[in-house]
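# Inside the fold
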Amino acid sequence: MSLNQIAAAAGQFVTKGRVLDMQEYGSGNVHDTFLVTVGRATKGHAHPTGDSPEVSRFILQRLNTRVFRQPETVMANMRTVTEHVRQRLESHPPSIGPRFELPRVLLTREGGDHWIDPGGSFWRALSFIGAARTFDAIQDPGRAREVGYALGRFHHLVSDLPPDRLADTLPGFHHTPVYLRHYDEVRAAGGHRPSAAVDYVIKFISSRRTWAAVLEDAKAQGHLRVRVIHGDPKVNNVMLDAATGQAVSIIDLDTVKPGLVHYDLGDCLRSACNPLGEETENWEGVRFDPDLCRAMLRDYLSQARGFLTGSDYHYFYDAIRLIAFELGLRFFTDYLEGNVYFKARHPEHNLARALVQFKLTESIESQAESIHSIIGDLR
Ligand code: GN1
Ligand code: MG
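Residues numbered from 1 in each chain as written. Chains lettered and ligands numbered in written order. Predicted model: local features only at pLDDT ≥ 70, side-chain atom pairs only at ≥ 80, totals over all residues. Heavy atoms only, no water.

### A closer look at the coordination of the magnesium ion (ligand 2)
- Only Asp232 (OD) and Asp252 (OD) from the protein coordinate the magnesium ion (ligand 2), and they sit 2.0 to 2.1 Å from it. Here Asp232 is found in the loop between strand E8 (227–229) and strand E9 (238–241), whereas its partner Asp252 is found in the loop between strand E10 (247–250) and strand E11 (257–259), with 20 residues between them in sequence.
- Given the relative accessible area of 19%, Asp232 is considered buried. (Donors = N, O, S within 2.8 Å, 3.2 Å for Na, K, Ca; no water. Helix = DSSP H or I, 4+ residues; strand = E, 2+ residues; numbered from the N terminus. Buried < 20%, exposed > 50% of the residue type's maximum accessible area, 1.4 Å probe, protein only.)

See the structure below:
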């Protein structure tokens, strides 16, 4: 992608001033993301913690339309959720809690929520949450609490939004049996190089196949209900205030849709309780940290307890185990397919990522009893 292409897209979302700077931003595996700095009146310099009156910043993204095939619907969902949350937050005086906001969808000069460039790329812009930062991995229970709080606050804020107000933009997302079917097809097509790691992974998956439908079965049997979910609440999608460390936002709202809160809880816990992080090369050292789990879950429940049912709690442990397993399966399938979904820095990258998630799954399984008692203590 050329600098001119990015600049042309950025320009669509600037009504006053001019673009001073564009930097690649964040560590997403799907879209291309840039931080754009705009000078308003005179030439200014970015303030270290926020923006000076002359300078503002926003997030510019080129959507991966191979993954999100209906990007207009993604934007419609995002606007429904952010507008709903904005109204709910405004109906309470700000004095009752710490700052919390969701990114706003920014409009083009023509008033649209996206711009399609001459080459067909789909661009959108979002407000930048200033004076805050994200972490790819955490080791400190204080941070885990904030991450749990952010997810709980989000779930609470959307708990009165009927799920049918949102479209399903990614059918099959987090339906583990669907990923297994796709894995079988890819394996049947053959062509991958055998290795000890590949062997280990194939056995690992095969011995967990029958359990992998646990959440979908519970949903089909009416034990779990569909709600509005975030879809991708991994640890580095939570923003913590740079000064106080308090959670101020949960970002990356492409996957907001109807689903099970268990997908979210599982995804948040599998990422927040892996102190080495999902990109570590030391996959053999990966473990699930129960202290981080307790801290995260405690503050999640401080926000979410009100809408959860007994049956919801019953499936928490399976959710944690399943979403780690499922992500391993997704990474491994993508490796076998030649890295067509997740951006990979080298040909074995998605295999390495899969090993991390399977090691994490193993660690979760070996601590099943303690995780069950953490859930029991906190509910
Ligand atoms: C993808 O692009 P990013 O990093 O926000 C993926 C998530 C995975 C995550 C693993 C739409 O999210 O489901 O958990 O990678 N998003 C999609 O890092 O598939
Ligand atoms: Mg995402």
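### What about the side chain of Asp241?
- Along the chain, Asp241 falls in strand E9.
- A polar contact is formed between the side chain of Asp241 and the backbone nitrogen of Thr244, at a distance of 2.9 Å.
- If sequence neighbours within four positions are ignored, Asp241 has contacts with Arg99, Ala131, Ala132, Gln246 and Val248. (Polar contact = N/O pair within 3.5 Å; in protein donor to acceptor, adjacent residues only side chain to side chain. Contact = heavy atoms within 4.5 Å.)

### Let's talk about the packing of helix H10 (residues 316–337) against helix H12 (residues 368–378)
- Packing of H10 against H12 brings their axes to within 9 Å, and their N-to-C directions diverge by 130 degrees. One element, H10, and the other, H12, form an angle in the oblique class. Here H10 and H12 pass one another in a crossing that is right-handed. In this structure, H10 uses Phe316, Tyr317 and Ile320 to contact H12, whose residues at the interface are Ala368, Ile371, His372 and Ile375.
- Of the residues assigned to the contact of H10 with H12, the class counts are 6 nonpolar, 1 polar and no charged. (Axes fitted to C-alpha atoms, helices over the stretch in contact; angles between N-to-C directions. Parallel < 35°, antiparallel > 145°, perpendicular 65-115°, else oblique. Left-handed = near helix turned anticlockwise from the far one by under 90°. Nonpolar A, V, L, I, M, F, W, Y, C, P; charged D, E, K, R; others polar.)

### Quick look at the sheet that holds E10
- Spatial ordering of the open sheet is given by E7-E9-E10, a layout of 3 strands whose pairing is antiparallel. Each edge of the open sheet is held by one strand with a lone partner, namely strand E7 (132–133) and E10.
- In terms of strand pairing, E9 meets E10 through 3 bridges, oriented antiparallel. Along E10, the bridge assignment pairs Met239 with Ser249.
- Taken strand by strand, helix H3 (residues 141–158) contacts E9 and E10, and its axis lies near 50 degrees from that of E10. (Pairing = 2+ DSSP bridges.)

### Concerning the domain arrangement of the protein
- Segmenting the protein into domains produces domain 1 (3–128) and domain 2 (141–378).
- One C-alpha centre belongs to domain 1, the other to domain 2; they are set 26 Å apart.
- Here domain 1 and domain 2 share an interface that buries about 3,000 Å² over both sides, 58% of which is from carbon and sulfur atoms.
- Of all residues in domain 1, Asn29, Arg88 and Phe100 bury the most surface against domain 2, accounting for 24% of the area lost on that side.
- For the salt bridge of Asp241 with Arg99, the shortest nitrogen-to-oxygen distance reads 3.0 Å.
- Linking domain 1 to domain 2 there are 18 residue pairs in polar contact (both at pLDDT 80 or more).
- For the side of domain 1 that touches domain 2, the per-class residue count stands at 12 nonpolar, 11 polar and 6 charged. (Domains from an automatic or database assignment. Buried area = accessible area lost by both parts, 1.4 Å probe. Salt bridge = Lys/Arg side-chain N within 4 Å of Asp/Glu carboxyl O.)

### Concerning helix H11 (residues 349–366)
- Over its 18 residues, H11 runs 26 Å from end to end, which matches the ideal 26 Å to within 8%, given 1.5 Å per residue.
- Taken across its 18 residues, H11 has 14 buried, putting it largely inside the fold. (Expected span 1.5 Å × (residues − 1).)

### Details of the side chain of Ser127
- For Ser127, the position within the fold is in strand E6 (residues 122–127).
- Judged by its relative accessible area of 9%, Ser127 is buried.
- In contact with Ser127, not counting residues within four places along its chain, are Ile59, Pro103, Arg104 and Leu106.

### Here we look at the packing of aromatic side chains
- Applying the stated criterion to the full structure yields 14 aromatic pairs.
- Taking 5.8 Å as the distance between ring centres and 45 degrees as the angle between the ring planes, the aromatic pair formed by Tyr200 and Phe204 counts as tilted. With Tyr200 and Phe204 both in helix H5 (residues 196–206) and 4 residues apart, this pair spans about one turn of that helix.
- Residue classification places Tyr200 among the partly exposed positions, given a relative accessible area of 26%.
- Each ring, one from Tyr313 and one from Phe316, has its centre 5.1 Å from the other, and the planes form 50 degrees; the classification is tilted. There is no split in this pair, since Tyr313 and Phe316 are both buried.
- A connected cluster of aromatic rings, assembled from ring pairs, spans Tyr200, Phe204, Trp211, Trp283, Phe325 and Phe358.
- Across from the ring centre of Trp211, 3.7 Å away, lies the NZ or CZ of Arg321, which sits over that ring. (Phe/Tyr/Trp six-rings, centres within 6.5 Å; stacked < 30°, edge-to-face > 60°. Lys NZ or Arg CZ within 6 Å of the ring centre and 35° of its normal.)

### A closer look at the site of ligand 1
- In the neighbourhood of ligand 1, 17 residues make up the surrounding shell, with Asn29, Asp232, Lys234, Glu278 and Tyr341 lying closest.
- Asp252 is positioned with one of its side-chain polar atoms (N or O) 2.8 Å from an oxygen atom of ligand 1.
- Summarising the interface, the protein chains cover 96% of the accessible area of ligand 1, which totals 450 Å² for the free molecule.
- Sorting the residues of the shell around ligand 1 by element identifies helix H7 (261–272) and H10 as the ones contributing at least two each.
- Among the elements that make up the shell around ligand 1, the one with the highest residue count is H10 (3 residues).
- Of the residues contributing to the shell around ligand 1, the split by class is 7 nonpolar, 3 polar and 7 charged.
- Lining the shell around ligand 1 are residues from two domains, each supplying at least three of them: domain 1 (3–128) and domain 2 (141–378). (Near = heavy atom within 4 Å. Areas by Shrake-Rupley, 256 points an atom, 1.4 Å probe, with all protein chains shown as cover.)

### Observations regarding the nonpolar core
- The biggest cluster of nonpolar side chains holds 103 residues, and the ones touching the most others in it are Val81, Ile205, Leu215, Leu297, Tyr300, Leu308 and Phe332.
- For this core, the leading source of residues is H10, giving 14 residues.
- Split by domain, the residues of this core number at least three in each of domain 1 (3–128) and domain 2 (141–378).
- Other than its neighbours up to four places away in sequence, Leu215 contacts Leu224, Leu260, His262, Tyr263, Tyr315, Ala319 and Leu322.
- Of all hydrophobic cores here, the second largest spans 15 residues; its members include Ile6, Leu60, Trp115 and Trp123. (Core = buried A, V, L, I, M, F, W, Y, C linked by side-chain atoms within 4.5 Å.)

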